[in-house]
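Descriptive analysis of the structure
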Amino acid sequence: MWERIVQGLAWDTMKVLVRKAIETLKHKGVAPASEDQKVTQKEATELGFAWTNYLNGKKQYHLFLGLKKVYVRETKRKPEVSRERKSNFSK
């Protein structure tokens with residue numbers, strides 16, 4: 001049990017460090033900003049129990065009856081906006 005707790009804490013620490021590094025790179029202008037995507041996450045709680053019917057080793061039917069949380073993550077691209085850069089040397 002302790003191994004999983006330590007592993008989870010190590011994973012969360014790495015995520016925080018990587019996000020901080022990416023934000024630092026974006027702030028310094030080295031990494032591009034990811035403004036072209038929008039990520040939404042929805043969650044729902046389901047109540048029931050699970051029952052699965054197999055035929056010849058293949059799943060034929062699955063019924064869930066219990067309590068669980070379901071997460072749906074959607075990534076959408078924002079519409080393209082023409083960005084023209086003007087040069088200081090243009091006539």
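Residues numbered from 1 in each chain as written. Predicted model: local features only at pLDDT ≥ 70, side-chain atom pairs only at ≥ 80, totals over all residues. Heavy atoms only, no water.

With that settled, the discussion passes to the overall build of the protein chain. Tallying secondary structure elements over the protein chain gives one helix and two strands in all. When the elements of the protein chain are put in sequence order from the N terminus, they spell out α-β-β. Expressed as a percentage of its 91 residues, the buried residues of the protein chain come to 2%. Pairs at least 24 apart in sequence give 48% of the contacts found in the protein chain among residues at least 6 apart. (Helix = DSSP H or I, 4+ residues; strand = E, 2+ residues; numbered from the N terminus. Buried < 20%, exposed > 50% of the residue type's maximum accessible area, 1.4 Å probe, protein only. Contact = heavy atoms within 4.5 Å.)

What follows deals with helix α1 (residues 2-28). Relative to the 39 Å expected for 27 residues at 1.5 Å per residue, α1 spans 39 Å between its end C-alpha atoms, a close match to the ideal helical length. At the C-terminal side of α1, Gly29 shows a positive phi close to 85°. (Expected span 1.5 Å × (residues − 1).)

Turning next to the confidence of the model for the protein chain. A low pLDDT score tells you not to read the predicted coordinates there in detail. When pLDDT is averaged across the protein chain, the result is 78; 79% of the residues are at 70 or more. Per-element averaging of pLDDT across the protein chain places strand β2 (residues 58-77) at the bottom with 79 and α1 at the top with 90. (pLDDT = per-residue confidence, 0-100.)

In this section: unusual backbone geometry. A positive phi is found at Asn56, a non-glycine position, where the angle reads about 55°. Checked against the element boundaries, Asn56 lands in the loop between β1 (37-55) and β2.

With that out of the way, let us pick up the environment of Gly48. Turning to its location among the elements, Gly48 is positioned in strand β1. Its relative accessible area of 18% is what places Gly48 among the buried residues. Linking Gly48 and Gly66, residues 18 residues apart in sequence, is a C-alpha distance of 2.6 Å. Dropping the residues within four chain positions of it, Gly48 is found in contact with Phe64, Leu65, Gly66 and Leu67.

Right, let's get into the pattern of salt bridges. The full count for this structure, using the stated rule, is two salt bridges. Among the salt bridges present, the one from Lys15 reaches Asp12, with a minimum N-O distance of 3.6 Å. With Lys15 and Asp12 both in helix α1, this residue pair falls three residues apart, about one helical turn. Taking relative accessible area as the criterion, Asp12 reaches 40% and is therefore assigned partly exposed. (Salt bridge = Lys/Arg side-chain N within 4 Å of Asp/Glu carboxyl O.)

Take a nonpolar patch on the surface next. Taken together, the side chains of Phe49, Trp51, Tyr61, Leu63 and Leu65 make up a nonpolar region of the molecular surface, amounting to roughly 480 Å² of accessible area. Looking at the nonpolar patch, the element that brings in the most residues is β2, giving three residues. Take Leu63: it is sitting in strand β2. Residue classification places Leu63 among the partly exposed residues on the basis of a relative accessible area of 31%. (Patch = residues over 30% accessible without salt bridge, like charges linked within 9 Å, V, L, I, M, F, W, Y side chains within 5 Å. Areas by Shrake-Rupley, 256 points an atom, 1.4 Å probe, with all protein chains shown as cover.)

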